[in-house]
Amino acid sequence: MSGNVSISQEGDGKVCRVIRMGTRKSQLARIQTDSVASRLKELYPDVHLEIVAMSTIGDKILDTALSKIGEKSLFTKELENALERNEVDIVVHSLKDLPTSLPPGFTIGAILERENPHDAVVLHPKNAGLTLDSLPEKSVIGTSSLRRAAQLKKRFPQLEFENIRGNLNTRLKKLDEKDDYDAIILAAAGLKRMGWESRISQILGPEDCMYAVGQGALAVEVRAQDKDILEMVSVLHHTDTVLRCISERAFLRQLEGGCSVPVAVHTEVKGSMMYLTGAVYSLDGADCLKDTMQMSVEIDNKVNESAQECVHVGVTANSISSSALDAAEKLGSDLANLLLNKGAKDILTTARNLNDAR
Ligand code: DPM
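Rules of the game
- Residues numbered from 1 in each chain as written.
- Predicted model: local features only at pLDDT ≥ 70, side-chain atom pairs only at ≥ 80, totals over all residues.
- Heavy atoms only, no water.
- Pairing = 2+ DSSP bridges.
- Helix = DSSP H or I, 4+ residues; strand = E, 2+ residues; numbered from the N terminus.
- Axes fitted to C-alpha atoms, helices over the stretch in contact; angles between N-to-C directions.
- Contact = heavy atoms within 4.5 Å.
- Core = buried A, V, L, I, M, F, W, Y, C linked by side-chain atoms within 4.5 Å.
- Buried < 20%, exposed > 50% of the residue type's maximum accessible area, 1.4 Å probe, protein only.
- Near = heavy atom within 4 Å.
- Polar contact = N/O pair within 3.5 Å; in protein donor to acceptor, adjacent residues only side chain to side chain.
- Areas by Shrake-Rupley, 256 points an atom, 1.4 Å probe, with all protein chains shown as cover.
- Nonpolar A, V, L, I, M, F, W, Y, C, P; charged D, E, K, R; others polar.

## Thoughts on the sheet that holds strand β9 (residues 183-187)
On the basis of which strands lie adjacent, the open sheet formed by five strands has the order β8-β7-β9-β6-β10 and mixed pairing. Across the chains shown, the open sheet's two edge strands, defined by having one partner strand only, are β8 (160-162) and β10 (200-204). Neighbour-to-neighbour, the strand axes of this sheet turn through a mean angle of 30°, independent of strand direction. Examined bridge by bridge, strand β7 (residues 140-142) and β8 share three bridges and lie parallel to one another. Residue Ile141 lies in a different strand from β8, and its bridge partner there is Phe161. Strand contacts of helix α4 (residues 146-155): β6 (119-123), β8, β9 and β10, with the helix running at about 125° to β9, the strand carrying the most contacts. The strands touched by helix α5 (residues 168-177) within the sheet are β6 and β9, with β9 carrying the most contacts at an inclination of about 160°.

In structure tokens:
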């Protein structure tokens, strides 16, 4: 065992290991951390789990659009500091909030089975029964995601789009209790985890709005050298989700896009084939480059047995076939290169500059 293991003595004299899980204080973050904690508790009944809650920059700055705050690892930095200082051993994140390159010393040790990755429409109660198609002209849709706004502006030119910030509770409150927005767009996964599935009035399919890289999946971040913890959490990996998310993250990394650029994806695993659709947009959605590539991700049983750890876009998944992981990563970067050859860089640079100037 590594040097930083905490031990606690139970009343009956039994010694058990203490694992500390860091989390943001928001309700969604707590729910996500608790769900991973209960999975771990089932798998390792003798481990004692402790939850340490902290607030992050992203939680403190509530009045600025996410895409305008320069800090790249907005929601993750303080938690990583705590990991680095050995104050916590595990941090649970929404994968889509984790940059494609993690700071040295950290790795994603598990990606759990993805929830519904699509975006959802939540209506102001006065609009019950309507859809984005049937809402009156000039209805105001709240979102501060450049990705959502770009796709939906193009698809629904009769609607208007306004920023909305704050955690999920704040946003639903702003929607319901004021008259500023006719509807807001949120990830279905977050709504479901909060127990608000009944507020979803429409799920947006890929023809309306493709999702963000990693959307709907939970990731467990750990210290890269902490082999005990890495091995412990690795059983949480969900193979299909890992392959899809590695291809999506490789796509984003190759495009050099952060969490605040209009980039969207759609992935499917069917048998041994994986399909990745990726797109980049101008802020108004008028310019769009989109393509699909496929690749065989034969899941042989050749797991990574070399002493050398294999990391794919920040993810350590030694229990999954290394050739499948390599193929998934290559699929993402190949698709990005295809779009880069068609001019994706210009679209993204212009979008970034315009957004910074706003
Ligand atoms: C990122 C984006 C948003 C979050 C940008 C995007 C949405 C920001 C906004 C990278 N992170 O999606 O284009 O609407 O202003 C976030 C949510 C979840 C994780 C909430 C949401 C829950 C779903 C999940 C915020 N991060 O997207 O509705 O676990 O994937």
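## Examining the nonpolar core
Among soluble globular proteins, nonpolar side chains are generally buried collectively. Ranked by internal contacts, the top residues of the largest apolar core, which has 48 residues, are Leu95, Ile108, Ile111, Phe251, Leu255, Val263 and Val280. Elements that contribute at least two residues to this core include exactly α3 (77-84), β5 (106-111), α8 (239-255), β12 (263-270), β13 (273-281), β14 (288-296), α9 (322-341) and α10 (344-357). Ignoring anything within four residues of it in the chain, the contact list for Val280 reads Leu255, Pro262, Val263, Asp287, Cys288, Leu289, Ala344, Ile347 and Leu348. With 19 residues, the next largest nonpolar core counts Ala37, Leu49, Ile90 and Val220 among its residues.

## Quick notes on the site of the ligand
Looking at the ligand, there are 19 residues lining it, with Lys96, Asp97, Ser144, Ser145 and Gly216 nearest. For the ligand, a nitrogen atom lies 2.7 Å from a polar atom in the side chain of Asp97. Here Ser144 contributes a side-chain N or O atom positioned 2.5 Å from an oxygen atom of the ligand. Taken by itself the ligand offers 630 Å² of open surface, and the protein chains cover 92% of this. Elements that contribute at least two residues to the shell around the ligand include exactly α1 (27-43), α4, β9 and α6 (188-193). When grouped by side-chain class, the residues that make up the shell around the ligand number six nonpolar, seven polar and six charged.

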